[in-house]
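# Analysis of the macromolecular model
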Amino acid sequence: MRNKPSAEPEVPAPLRRLWRLSTGSHRGRPAGLDVDRVVRTAMELADRHGLPGATLPKVAETLGVTKMSLYRYVGSKDELFDLMADLATGPPPQISEQAGWRAGVRQWMLANRQVYERHPWLSQLPITGPPRGPHAIGWMDAMLRALRGTGLDWRVKVGVLNLVGGFVRTVGAQEQQLAQGRRQTGLDLAQTERAYSGAMAALVDADRFPEAAQLFASDAFTSPPPDGASAGFPFGMELILDGIELLIAKAGTG
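Below: a short report on this structure. (Residues numbered from 1 in each chain as written. Predicted model: local features only at pLDDT ≥ 70, side-chain atom pairs only at ≥ 80, totals over all residues. Heavy atoms only, no water.)

## So, the overall build of the chain
Counting its secondary structure elements, the chain contains 11 helices and 0 strands. Its C-alpha atoms give the chain principal-axis dimensions of roughly 75 × 55 × 35 Å. The proportion of buried residues among the 254 residues of the chain is 32%. Within the chain, residue pairs in contact and separated by at least 24 positions form 70% of the contacts whose partners lie at least 6 positions apart. Separation between the mean location of the 29 positive side-chain charges and that of the 26 negative ones in the chain comes to 11 Å. (Helix = DSSP H or I, 4+ residues; strand = E, 2+ residues; numbered from the N terminus. Buried < 20%, exposed > 50% of the residue type's maximum accessible area, 1.4 Å probe, protein only. Contact = heavy atoms within 4.5 Å. Lys, Arg positive; Asp, Glu negative; His and termini not counted. Charge placed at Lys NZ, Arg CZ, Asp CG, Glu CD.)

## Some words on the packing of helix 2 (residues 35-49) against helix 5 (residues 77-89)
For the pair helix 2 and helix 5, interaxial distance at closest approach is 9 Å and the crossing angle is 80 degrees. Viewed along their axes, helix 2 and helix 5 adopt a mutual orientation that is roughly perpendicular. Residues Val35, Asp36, Val39, Arg40, Ala42, Met43 and Ala46 of helix 2 pack against Leu80, Leu83, Met84, Leu87 and Ala88 of helix 5. When the residues that make up the contact of helix 2 with helix 5 are grouped by side-chain class, the tally is 10 nonpolar, no polar and 2 charged. (Axes fitted to C-alpha atoms, helices over the stretch in contact; angles between N-to-C directions. Parallel < 35°, antiparallel > 145°, perpendicular 65-115°, else oblique. Nonpolar A, V, L, I, M, F, W, Y, C, P; charged D, E, K, R; others polar.)

## What to know about unusual backbone geometry
Of note in this structure, Arg20 is not a glycine but carries a positive phi near 60 degrees. Examined against the element boundaries, Arg20 turns out to sit in the loop between helix 1 (13-18) and helix 2.

## As for the pattern of salt bridges
Side chains carrying opposite charge are able to pair once their charged atoms draw close together. Throughout the structure, instances matching the rule amount to 11 salt bridges. Here Arg20 ties to Asp36 by a salt bridge, and the two come within 2.9 Å at their closest N and O atoms. Here Arg20 is found in the loop between helix 1 and helix 2, whereas its partner Asp36 is found in helix 2, with 16 residues between them in sequence. For Asp36, a relative accessible area of 30% translates into the label partly exposed. Salt bridges sharing partners connect three or more residues here, namely Arg102, Arg106, Glu238, Asp242 and Glu245. (Salt bridge = Lys/Arg side-chain N within 4 Å of Asp/Glu carboxyl O.)

## Here's the deal with the environment of Gly133
Mapped onto the elements, Gly133 comes out in the loop between helix 6 (101-118) and helix 7 (134-147). Taking the C-alpha atoms as reference, Gly133 lies 9.9 Å from Arg20; in sequence the two are 113 residues apart. Setting aside residues up to four positions removed in sequence, Gly133 forms contacts with Leu18, Trp19 and Asp86.

## Examining the packing of aromatic side chains
Scanning the entire structure with this criterion turns up 5 aromatic pairs. On the basis of an interplanar angle of 80 degrees and a centroid distance of 5.5 Å, the ring pair of Tyr196 and Phe216 is categorised as edge-to-face. Residue Tyr196 is located in helix 9 (residues 189-203), and its partner Phe216 is located in helix 10 (residues 210-217); the two are separated by 20 residues in the primary sequence. Looking at Tyr196, the relative accessible area reads 39%, which means it is partly exposed. Clustering of aromatic rings is evident, with ring pairs tying together Tyr196, Phe216 and Phe221. (Phe/Tyr/Trp six-rings, centres within 6.5 Å; stacked < 30°, edge-to-face > 60°.)

## Let's talk about the nonpolar core
Residues Met84, Val105, Trp108, Met109, Trp121 and Val164 are the most contacted members of the largest nonpolar core, which totals 53 residues. At the level of secondary structure, the elements contributing two or more residues to this core comprise helix 2, helix 3 (56-63), helix 5, helix 6, helix 7, helix 8 (154-185) and helix 11 (232-252). Look past the residues within four positions of Trp108 in its chain and what remains in contact with it is Pro93, Ile95, Trp139, Ala142, Met143, Leu161, Val164 and Gly165. (Core = buried A, V, L, I, M, F, W, Y, C linked by side-chain atoms within 4.5 Å.)

## Comments concerning the packing of helix 6 against helix 7
To describe two helices that pack against each other, one gives the angle between their axes and the distance between the axes. Helix 7 packs onto helix 6 with a crossing angle of 160 degrees between their chain directions and a minimal axis gap of 8 Å. What the angle tells us is that helix 6 and helix 7 run roughly antiparallel. Contact with helix 6, carried on its side by Trp101, Gly104, Val105, Trp108, Ala111, Asn112 and Val115, involves Trp139, Ala142, Met143, Ala146 and Leu147 of helix 7 and no other residues of that element. Of the residues that constitute the contact of helix 6 with helix 7, the class distribution is 10 nonpolar, 2 polar and no charged.

## Points about the side chain of Lys157
By the element assignment, Lys157 lies in helix 8. Asp153 provides the closest opposite charge to the buried, unpaired Lys157, separated from it by 8.2 Å. Contact partners of Lys157, with chain neighbours within four places excluded, come to Leu144, Leu147, Arg148, Thr150 and Leu152.

This is the structure in structure tokens:
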């Protein structure tokens, strides 16, 4: 006796909206309003006023509709955040595999960094699960294409993706917060680092913190690195790429 084919899994409504699939009847919906318009409005508010400015009531007010009417397009605040994140992330870069995996991963990281610079609120969104929107999956696919042919297995590739994506997001959030702190003091980056180094040099006791005392006595915070790449994002990016290169070398030697 032949088994009946299993029914196709039902796609939940939030995922259907995320992938812009039909969710059923459109009766009773305000004319000219759809998921894209709601999400784009929320993005514009977040770009202007930060994430606190993109609440459902404020989106409804901007669109001239009631908050309840938005629930026909967005099921909850958390779903709105998911929709905003995927739309703001946008399509991935076109990775050239001919240039090699290192150039491809570097291109991916630099492009992803630009996304966070365009939409600073992205790094403030809660992470509620793995990538699942069409743009997020596109970025995943781009990274996997960059790593194709490296000999790394799928689990390691996922680990690389998580590490690289987490690094870009974390550095973006850190830079935003530090920049906000500098704006409050009125000092630029160089002035802030000099003030920090001077204060710590006066406070840090060499007997108690011998290595830290030597650090603050050096010119690490008072002069720029000679190549401009031994600190911040470029330094971390190249360090990660070096680590991936070691993983690939180990995979090649079995």
